[in-house]
Amino acid sequence: MGQIEPMLKIDNLHASVEGNEILRGISLTVNAGEVHAIMGPNGSGKSTLARVIAGHQDYEVTAGEVLFDGQSLLELEPEERAWAGVFMAFQYPIEIPGVNNAYFLKAALNAQRKARGEDELDAMEFMSLIRGRIRDLDMDPALLNRPVNEGFSGGEKKRNEILQMAVLSPKLAILDETDSGLDIDALRIVANGVNALRSPERAIIVVTHYQRLLNYIVPDFVHVLSDGRIVRSGGKELALELEERGYSWIEAETRPAAVVA
Amino acid sequence: MSGVQTHDGTASHCGRLRERVGRHEPAWLTDFRDRSLARFEDLGFPLGSAEEWRFTPVGAIAETPFGPADVPNEDDIQAALARALYGSADFARLVFVNGMFRSDLSDVNDLPRSVEVGSLRNACQSYPDIVRANLGAVASGGPSFTSLNGALMDDGAFIHLPAGVLVDRPIHIAHVSLSGDSPIGVHPRSLVIVGEGSSAVIVESFHGAGDMPYLTNGVFEAVVGPNAGLEHYRLQMEAESAYHVGRTAVRLARDARYTSHSVAFGAAISRHDLGAVLGGENGVCTFNGLYMGDRRQLLDSHTVIDHATPHCESHELYKGILNGHAHGVFNGKVFVRKDAQKTDAKQTNQALLLSDTARIDSKPQLEIFADDVRCTHGATVGQLDADSLFYLRSRGISLEDARSVLIHAFASDIIDRMSLAEIRSQLEGVLLSSLPKTSTAFWEMAE
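In what follows, the accompanying structure is described. Bear in mind the structure is a predicted one, so any value in this text is a computation, not a measurement. (Residues numbered from 1 in each chain as written. Chains lettered and ligands numbered in written order. Predicted model: local features only at pLDDT ≥ 70, side-chain atom pairs only at ≥ 80, totals over all residues.)

1. Digging into the overall build of chain B
- Across its full length, chain B carries 11 helices and 20 strands.
- Over its C-alpha trace chain B gives a radius of gyration of 21 Å, about what one expects of a compact globule, namely 22 Å for 447 residues.
- With the C-alpha coordinates aligned to their principal axes, the bounding extent of chain B is approximately 70 × 55 × 50 Å.
- Across the 447 residues in chain B, those meeting the buried criterion constitute 53%.
- Partitioning the intrachain contacts of chain B with sequence separation of at least 6 by distance along the chain shows that 83% fall at a separation of at least 24. (Helix = DSSP H or I, 4+ residues; strand = E, 2+ residues; numbered from the N terminus. Rg over C-alpha atoms; globule rule 2.2 N^0.38 Å. Buried ≥ 20, exposed ≤ 12 C-beta atoms within 10 Å, placed from the backbone. Contact = placed C-beta atoms within 7 Å.)

2. Digging into unusual backbone geometry
Residues and elements named next belong to chain A.
- For Glu 18, which is not glycine, the phi torsion reads 50° and is therefore positive.
- Locating Glu 18 in the fold gives a position in the loop between β1 (8–17) and β2 (20–30).
- What makes Glu 18 exposed here is the crowd of 8 C-beta atoms within 10 Å.

3. Details of the sheet that holds strand β18 (residues 344–353) of chain B
All names here are of chain B.
- Reading across the sheet, the 10 strands line up as β2-β1-β5-β8-β10-β12-β14-β16-β18-β20 and stay open at both edges, with mixed pairing between neighbours. Only two strands of the sheet have a single partner each, and these edge strands are β2 (100–101) and β20 (374–382).
- Where strand β1 (residues 92–97) lies against β2, two bridges are found, and the strand directions are antiparallel. Counterpart to Phe 96 in the pairing with β2 is Phe 101.
- Taken strand by strand, helix α9 (residues 399–415) contacts β14 (284–293), β16 (313–322) and β18, and its axis lies near 150° from that of β16. (Pairing = 2+ DSSP bridges. Axes fitted to C-alpha atoms, helices over the stretch in contact; angles between N-to-C directions.)

4. Regarding the interface of chain B and chain A
- Each partner contributes to the interface: chain B provides 22 residues, whereas chain A provides 27 residues.
- Sort the elements by how many residues they give to the side of chain B that touches chain A and helix α8 (residues 386–394) of chain B lands first, with seven residues.

5. Examining the environment of Ala 111 of chain A
- With respect to the secondary-structure elements, Ala 111 of chain A resides in helix α3 (residues 101–115).
- Residue class for Ala 111 of chain A comes out buried when judged on the 28 C-beta atoms lying within 10 Å of it.
- Expressed as a C-alpha distance, the spacing of Ala 111 of chain A and Leu 187 of chain A, which sit 76 residues apart in the sequence, is 30 Å.
- Not counting chain neighbours up to four residues away, the residues in contact with Ala 111 of chain A comprise Gly 396, Ile 397, Ser 398 and Ala 441 of chain B.

6. Observations regarding the packing of α3 of chain A against helix α5 (residues 154–168) of chain A
All names here are of chain A.
- Contact geometry of α3 with α5 gives a least axis separation of 10 Å together with a crossing angle of 30°. What the angle tells us is that α3 and α5 run roughly parallel. The element α3 and its partner α5 pack so that their crossing is right-handed. For the pair α3 and α5, contact is made by Leu 105, Ala 108, Leu 109 and Gln 112 and by Gln 164, Val 167 and Leu 168, respectively.
- By residue class, the composition of the contact of α3 with α5 is five nonpolar, two polar and no charged. (Parallel < 35°, antiparallel > 145°, perpendicular 65-115°, else oblique. Left-handed = near helix turned anticlockwise from the far one by under 90°. Nonpolar A, V, L, I, M, F, W, Y, C, P; charged D, E, K, R; others polar.)

7. Here we look at helix α4 (residues 74–85) of chain B
All names here are of chain B.
- Between its first and last C-alpha atoms α4 spans 16 Å; for 12 residues at 1.5 Å apiece the expected length is 16 Å, and the two agree.
- For α4, the complete set of buried residues consists of Ile 77, Ala 80, Ala 84 and Leu 85. Within α4, the buried residues cover an arc of 120° as seen down the axis, which keeps them to one side. Within α4, the exposed residues directed more than 90 degrees away from the buried face are Asp 75, Gln 78 and Ala 82.
- Where α4 is buried, its residues meet β1, β5 (171–178) and β8 (199–209). (Expected span 1.5 Å × (residues − 1). Arc of directions from axis to C-beta.)

8. Points about the sheet that holds strand β12 (residues 229–234) of chain A
Residue and element names in this part refer to chain A.
- As summarised here, the arrangement of the six strands in space is β6-β9-β10-β3-β11-β12, forming an open sheet in which the pairing is mixed. Only two strands of the sheet have a single partner each, and these edge strands are β6 (86–89) and β12. The sheet shows a mean angle of 20° between the axes of neighbouring strands, direction not considered.
- Pairing of strand β3 (residues 35–39) with strand β10 (residues 203–208) involves five bridges; the strand directions are parallel. Note on β10: the bridge partner recorded for Ile 38 is Val 207.
- Those strands touched by α5 are β6 and β9 (172–176), and its axis lies near 165° from that of β6.

9. A few points about the nonpolar core
- Grouped together as the largest cluster of nonpolar side chains are 202 residues, with contacts concentrated most on Ile 53 and Ile 174 of chain A together with Val 224 and Leu 252 of chain B.
- Looking at this core element by element, the count peaks at nine residues for α9 of chain B.
- Summarising the domain contributions, this core has at least three residues from each of domain 1 (10–278) and domain 2 (387–447) of chain B.
- Sequence-distant contacts of Ile 174 of chain A, that is, excluding residues within four places in its chain, are made with Ala 50, Ile 53, Ala 54, Phe 87, Met 88, Ile 205 and Val 207 of chain A. (Core = buried A, V, L, I, M, F, W, Y, C linked by C-beta atoms within 7 Å. Domains from an automatic or database assignment.)

10. Here we look at the environment of Ser 114 of chain B
All names here are of chain B.
- In this structure, Ser 114 sits in the loop between β2 and β3 (116–119).
- Expressed as a C-alpha distance, the spacing of Ser 114 and Gly 229, which sit 115 residues apart in the sequence, is 17 Å.
- Those residues within four positions of Ser 114 in sequence are excluded, and the remaining contacts are Pro 162 and Val 165.

11. Let's talk about the packing of α9 of chain B against helix α10 (residues 421–434) of chain B
All names here are of chain B.
- Running from amino to carboxyl end, α9 crosses α10 at an angle of 160°, the nearest separation of the two axes being 11 Å. It follows that α9 is roughly antiparallel to α10 by the angle criterion. Taken as a pair, α9 and α10 cross one another with a handedness that is right-handed. Touching His 408, Ala 411 and Ile 415 of α9 are Arg 424, Leu 427, Glu 428 and Leu 431, all from α10.

This is how it looks when you write it as structure tokens:
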């Protein structure tokens, strides 16, 4: 073979929630170093795909396989997926009253480091790690000492997700509509945070409804989801075409699922 | 009264006990005991058909022949006290062992001279007029257990602040019960009077040891004078073999403030009746409650806030954590009387069920007779939030840690409202030790 193993290989993935099939045969291959955008109209299954990869309990996988570095992801608990290097930025980050944001992030980082056999960071090391990240994201440091996401504005929640991503530095980052509801300044900052993470060892999947984000995070591949299937795949120019023509022309074509190598 | 009857043998049993406790007492106190006994005999132990007791069977209490307490050996007392006094070295303290005052174990130094802090039994001799005028005046009526306490009452605290005294030093009333070879019944009774413009912090705790069943049937009554303040901690940390019944009755004068922090962690069956009457304008009453049960524990909190006058505020937040086959009961009554306009009352109770077999019966009861008031209540019962668990786990925190941290956060909300750091850290310790074994990730989040 001699070929490099793909980081993520999704093969004929079917998933349901409460008996309703949302994903109807998704196949997608993502290699290290690539940025993939997944676009599509509301209800097409974009966020479901992100959550199934992260291991959300509400979704039942009824067929297909998801391999991450050759290992079956579907057999792993959500925390084991995180330890393996999978991260999803939530579309709607969860508020957790009573849990301090900084302690939570440190606990998450150390839980992952421990699971990988690395030394845990002490408070000093942790603070020096996040100080620069906070500055880059133009985040109010006071948010660190508040309960996780509680009372945060929409933009603050999204930045907090990107902060977590930057600190946890996953191999595979999935951004689930991280751009929704952000003004252009916040969008730029969040995009810069994502771009800073781009590297030959990492892959990023950007799930978005709007082409706008892709002006700032330029993808290598764009996939269009419709009714639980990838109906079209292409390069970054596909996003521009969608911006001009909307989704309806693609939905009308009802092409068979495409596989991107 | 329907649904209530006297169990066979109860009256004669109580009568015999009554003879023991009533020796060498002033006639007015004997009379108080007689009246209490008569009411108890009339009402009997409450049965399950009585609305206020429908979830809390007291048959085991009625049928167990709880005798008077022996004097336990000193080593056992010291061991129990070590648990009961925890970080409260700086508190003034009154220690009661099996209902008997132990002045040698108590410390009431460093309190203002005008403040009386001691045993109620002694106060019956030294301050008969004050005790006589107030005993049973606030804790009137109520469950028949209150009358049983009146009939058989052992010792307890007498705390009297005249007008204009601020007592910074918390006063700890430590009740320790140690059963011997047979079940014992202890009926502690405390009376607290906070004079006009005065304030005090009182910690009441109940600890016990041993496998032999024992009964604690306590009554705490307090009068909080005009513009006075009382912060009251009630820590029910009884042994698993215990039956614990408690009544707290408080009356607030105008501009008075009363805060109750009521914690129930122990006992096989625990019932606490907490009631406050806002008897003057501009009073503020706060009830914070936390109960935590496992195995087959039954933890029952009945609260009443009576807005009898206008312009008063009440804030009530009760939280319960139930695991195993534990059963929680919350009944929260808020009365707003016809004249109590501009009342601001808020009640919230939340229960977390950690197993399929844990159970909660929760009943908010607002009875509002005034028309210009703001009253809200909310109740939530449920498991740990699945989305919160997923969020934590998706960041690499194990399921066990995620569960523990969410339980901890739920309970800390109550603990964090307590102003005494010593109590907070003690309760934190109990809480943490009750959570599943956890890793450093949990400890970091629980800081």
